[in-house]
Amino acid sequence: MISLPLTGEDRWMCTLMIERGWRLTYCAAAEDSTYCPETFDEFYKQRRRWTPSTLANLVLLISAWKRILKNNDHISIAFILYQTFLVCATIIGLVHPHN
């Protein structure tokens, strides 16, 4: 089992569920409420706060790829490769910001 103290984080909860073999699906009829940033500045700050935990979650998901593929028939190597691509693209974007 992957362990990292990111309790309360929805991405982390989903990663743990995937690791244990759960199938997660989108439901258009689901209802929820949340705080949405009203200005670009608020949105940008929110995304900057989320980036480190998102990257940490993806790196741990990728590092546990063998266990996840073994435990979850709904996850493919293509999904793991796509997540790897996202991590690489994010790191490149952080290292080489657009001018």
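Residues numbered from 1 in each chain as written. Predicted model: local features only at pLDDT ≥ 70, side-chain atom pairs only at ≥ 80, totals over all residues. Heavy atoms only, no water.

Novice: Kindly report on the nonpolar core, identifying the contributing residues and their values.
Specialist: Counting ten residues, the largest nonpolar core is built from Ile-18, Leu-55, Leu-58, Leu-61, Ile-62, Ala-64, Ile-68, Ile-75, Ile-80 and Val-87. Elements that contribute at least two residues to this core include exactly helix H2 (40-63) and helix H4 (77-95). (Core = buried A, V, L, I, M, F, W, Y, C linked by side-chain atoms within 4.5 Å. Buried < 20%, exposed > 50% of the residue type's maximum accessible area, 1.4 Å probe, protein only. Helix = DSSP H or I, 4+ residues; strand = E, 2+ residues; numbered from the N terminus.)

Novice: Let's hear about the pattern of salt bridges: which residues, and what values?
Specialist: Tallying each qualifying case throughout the model produces two salt bridges. One salt bridge connects Arg-67 with Glu-19, and the closest N-O pair in it is separated by 2.6 Å. Taken together, the residues Arg-67 in helix H3 (residues 65-71) and Glu-19 in helix H1 (residues 10-19) connect sequence positions 48 residues apart. Under the relative-accessibility criterion, Arg-67 is labelled partly exposed at 35%. (Salt bridge = Lys/Arg side-chain N within 4 Å of Asp/Glu carboxyl O.)

Novice: Outline the packing of aromatic side chains, supporting the account with residue identities and numerical values.
Specialist: Counting across every chain of the model gives two aromatic pairs. Ring plane angle 45° and centroid distance 6.4 Å describe the contact between Phe-40 and Phe-43, whose orientation is recorded as tilted. In this pair, Phe-40 and Phe-43 are both assigned in helix H2, three residues apart and thus about one turn of the helix distant. Here Phe-40 falls in the exposed class, since its relative accessible area comes to 62%. Residue classification places Phe-43 among the partly exposed residues on the basis of a relative accessible area of 35%. Here Phe-40 and Tyr-44 contribute two aromatic rings whose centre-to-centre distance is 6.2 Å and whose plane-to-plane angle is 25°, an arrangement assigned as stacked. You can see Phe-40 and its partner Tyr-44 sitting in helix H2, four residues apart, about one turn around the helix. Here the aromatic cluster, defined as three or more aromatic residues joined through ring pairs, consists of Phe-40, Phe-43 and Tyr-44. (Phe/Tyr/Trp six-rings, centres within 6.5 Å; stacked < 30°, edge-to-face > 60°.)

Novice: If you had to explain the environment of Ser-76 to someone new, which residues and values would you point to?
Specialist: Among the secondary structure elements, Ser-76 is positioned in the loop between H3 and H4. Considering only alpha carbons, one finds Ser-76 and Trp-65, eleven residues apart in sequence, at a separation of 9.5 Å.

Novice: Break down the confidence of the model for the protein chain for me, citing the residues and quoting the values.
Specialist: Taken as a whole, the protein chain shows an average pLDDT of 85; of its residues, 89% reach a score of 70 or greater. Averaged pLDDT values over the elements of the protein chain bottom out at 87 in H1 and peak at 93 in H3. (pLDDT = per-residue confidence, 0-100.)

Novice: Can you lay out H1 for me, pointing to particular residues and giving the numbers?
Specialist: Three or more residues of H1 are buried, namely Trp-12, Thr-15, Leu-16, Ile-18 and Glu-19. The arc that holds the buried residues of H1, viewed along the axis, is 160°, so those residues lie on one side. Just downstream of H1 lies Gly-21, where phi reads positive at about 100°. (Arc of directions from axis to C-beta.)

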